[in-house]
Amino acid sequence: MPEYNAPLRDMRFVLHDVFQAPSLWARLPALAQTVDADTADAILEEAAKVTGSLIAPLNRSGDEEGAQWIDGDVRTPTGFREAYATYTEGGWVGLAGNPQYGGMGMPKMLAVAFEEMLYAAGSSFALYSALSSGACLAIDAHASEELKTTYLPPMYEGRWAGSMCLTEAHAGTDLGIIRTRAEPQADGSYKVTGSKIFITGGEQDLTENIIHLVLAKLPDAPAGPKGISLLLVPKVMVNADGSLGARNAVSCGSIEHKMGIKASATCVMNFDGATGYLIGEVNKGLAAMFTMMNYERLSIGIQGIGCAEASYQSAVSYARERIQSRAATGPVNRDKVADPIIVHADVRRMLLTMKALNEGGRAFACYVGQQLDLAKYAEDASERQNAEALVALLTPVAKAFFTDTGLESCVHGQQVFGGHGYIREWGQEQLVRDVRIAQIYEGTNGIQALDLLGRKVVANGGAALRLFAGEVRDFAHAHESPFGDHLIEALERLEAVSGWLLEQAKTEPNAVGAASVEYLHLFGYVAYAYMWARMAAVAQGKQGEDEAFYGGKLATAEFFFARLLPRTLSLEASIRAGSQSLYGLAAEQF
Ligand SMILES: Cc1cc2nc3c(=O)[nH]c(=O)nc-3n(C[C@H](O)[C@H](O)[C@H](O)COP(=O)(O)OP(=O)(O)OC[C@H]3O[C@@H](n4cnc5c(N)ncnc54)[C@H](O)[C@@H]3O)c2cc1C
């Protein structure tokens, strides 16, 4: 299995050249003292070492051995415990965490690059700490001071992990119908009773304690999503001095056998009157949990990019080595019996599609990270509000488009290997299996699309979209990008389709559901066009410097605009076809 090397050159280009992150950090007081260009580069270098040499070597063996359930305990694959200990010593779980409780306070723009490396090195390993970082975020945003002081420091340190307990056997997408109960106790705590399924890292042998964030209903709660509360339930009770006490009434009933991410334990978790503590307000749990879910959504999106980058790296090296047939224009390798497959147009189509999608995605992840940083740290209230609106609009796009295109890229990578992509040896089939779940968990991509079109576009009459479109238009008018006209044309297509949908939604109840997935993809390609136009503008200004890199950027931008952006034409046609053809069959005719 080929080595994974973090794409540091491209990450630095995105961070420093395209988004000029260090100047942004310098003007945000909360970040100015924490991070500058040199610190960011040092963190990226170190992250590349940790992910490449500590985590990536466990990816294949972890997949083969899998997580194992033994009488209620979960054993992670050989090497995970030692690697996790070394990994947490580096402070990586708390990289973007609140410094007041032991986090490193690094900006999200930097953290997204680290997360990409982590998922590329091994999705299963990455998940154990991704859930912890997300749980910390929700605790930090919504829990009492006492809970924060008790739980955050050991979680940032990595001694304790976090889990997210939403799903029940009968309640996945529709969390309003969960049955887990939380009974108030005289001392202010709650007794939590119920069974959750599919809980990532619900049990494991990597950390001393696991802090479950559990959605449950109080006895007198209103029906539906407005009656859900969020409880913090530790696996092991914590004494007043922070030391560990007795086991809480939480147990792991079994783990799932599944298609991919086999080293990640997906657990049935039983809460049998377990002691829990309320986070935030009664019945406002879903809103509080959304802090964690939004974090996880971007993170899971980045799983798509990470897997696709790992797949791309091995596909490129294979395509340079593997010799089959002659180039259509005549032999390239006269001293060999055939030419390397990278000469063939179709192999180039696959590799360039991967490269254009991965690099567009990497830039867009950094852009969403920038909006998260502005929403959190900007001094000006209107700048914070604009950034919040963009985060809300773009999070479902990032989650679903990164992972849909992530699977597409991994399948191209597998295809470049021909039959050798289908067998285990080269690691391509594992990437296809591992990336597939990212389209399903954290809210299926279909649900992300409904969220985007229904709640983030139609519900506010397109206001957030106008904010984004205004920024794209300002860029196109202010900068010399070789692809500015294409960008504006694609943006106008998105705006026209959005306007048409806003009208349709007034009279046709199925208008949003029928168009949403194609709409999200249309949005995704326009967002990537914005990223590629920005990257091309920078690359064009660097002519004469590092020709291999900047020339390659411009050529990849050209491919994106010529070969991938036209996908928006067929997406528009599908959207405008409306819902009618979806309802031509009765349920029994399927
Ligand atoms: C490996 C793995 C790890 C997971 N980790 C966690 C975890 O850590 N914590 C946790 O709480 N959960 C976790 N999950 C659960 C995951 O988030 C859910 O499986 C997912 O949200 C979908 O729910 P469901 O499986 O019940 O599907 P359902 O909700 O039954 O959906 C089935 C299909 O119907 C569609 N659908 C449903 N409602 C609508 C609608 N209104 N409109 C249009 N289409 C709709 C869905 O998009 C989907 O295609 C995990 C799942 C897996 C497999």
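A short tour of the structure in this document, coming up. (Residues numbered from 1 in each chain as written. Predicted model: local features only at pLDDT ≥ 70, side-chain atom pairs only at ≥ 80, totals over all residues. Heavy atoms only, no water.)

So, the overall build of the protein chain
Per the secondary structure count, the protein chain includes 19 helices and 11 strands. Since a compact globule built from 590 residues should have a radius of gyration of about 25 Å, the 24 Å found for the protein chain is in line with a globular shape. By principal-axis analysis of the C-alpha atoms, the protein chain measures approximately 80 × 60 × 60 Å. Within the protein chain, the fraction of its 590 residues that count as buried is 57%. In the protein chain, the share of contacts with a sequence separation of at least 24, taken over all contacts with a separation of at least 6, comes to 74%. Accessible area of the protein chain: about 23,400 Å², with a carbon and sulfur share of 52%. The distance from the centre of the 49 positive side-chain charges to the centre of the 68 negative ones in the protein chain is 4 Å. (Helix = DSSP H or I, 4+ residues; strand = E, 2+ residues; numbered from the N terminus. Rg over C-alpha atoms; globule rule 2.2 N^0.38 Å. Buried < 20%, exposed > 50% of the residue type's maximum accessible area, 1.4 Å probe, protein only. Contact = heavy atoms within 4.5 Å. Areas by Shrake-Rupley, 256 points an atom, 1.4 Å probe, with all protein chains shown as cover. Lys, Arg positive; Asp, Glu negative; His and termini not counted. Charge placed at Lys NZ, Arg CZ, Asp CG, Glu CD.)

Details of the packing of aromatic side chains
Considering all chains together, one arrives at 28 aromatic pairs under this definition. Geometrically, the ring pair formed by F401 and Y525 is edge-to-face, given 4.9 Å between the ring centres and 85 degrees between the ring planes. You can see F401 sitting in helix α12 (residues 381-416) and its partner Y525 sitting in helix α17 (residues 511-541), a full 124 residues away along the chain. For the residue pair F401 and Y525, the accessibility class agrees, reading buried in each case. Judged by centre distance (5.5 Å) and plane angle (50 degrees), the ring pair of F417 and W426 falls under tilted. (Phe/Tyr/Trp six-rings, centres within 6.5 Å; stacked < 30°, edge-to-face > 60°.)

A short note on α12
Relative to the 52 Å expected for 36 residues at 1.5 Å per residue, α12 spans 49 Å between its end C-alpha atoms, a close match to the ideal helical length. At L394, α12 is deflected by roughly 35 degrees, the largest bend along its length, and proline P396 occurs up to four residues later in sequence. The first or second residue beyond α12 is G418, which carries a positive phi of 55 degrees. (Expected span 1.5 Å × (residues − 1). Bend = angle between axes of the 7 residues up to and from the residue.)

Thoughts on the site of the ligand
By nearness alone, 19 residues border the ligand, and M164, T167, T173, F198 and T444 come closest of all. The side chain of T173 places a nitrogen or oxygen atom 2.5 Å from an oxygen atom of the ligand. Contact with the protein chains hides 61% of the accessible area of the ligand, taken as 960 Å² for the molecule alone. The set of elements that each furnish at least two residues to the shell around the ligand consists of β5 (190-200) and α14 (445-458). (Near = heavy atom within 4 Å. Polar contact = N/O pair within 3.5 Å; in protein donor to acceptor, adjacent residues only side chain to side chain.)

So, unusual backbone geometry
Here S325, not a glycine, exhibits a phi torsion of approximately 60 degrees, which is positive. Looking at the secondary structure, you find S325 in the loop between α10 (285-321) and α11 (345-377). Even without being glycine, E442 reaches a positive phi, approximately 60 degrees. Among the secondary structure elements, E442 is positioned in the loop between α13 (428-436) and α14. Residue classification places E442 among the buried residues on the basis of a relative accessible area of 11%.

Considering the environment of A32
Counting through the fold element by element, A32 comes out in helix α3 (residues 29-32). Once the C-alpha coordinates of A32 and Y119 are considered, the two residues, 87 residues apart in sequence, prove to be 28 Å apart. Apart from the residues lying within four places of it in its own chain, the contact partners of A32 are W25 and A26.

Structural notes on the state of the cysteines
Inspection of every chain in the model, using the stated rule, returns 0 disulfides. In this structure C267 is not part of a disulfide, and its nearest cysteine sulfur, from C252, lies 4.0 Å away. Using a relative accessible area of 0% as the deciding quantity, one classes C267 as buried. C307 provides the cysteine sulfur closest to C410, a residue in no disulfide bond, and the two sulfurs are 5.4 Å apart. Judged by relative accessible area, C410 falls into the buried class, the value being 0%. (Disulfide = S-S within 2.5 Å.)

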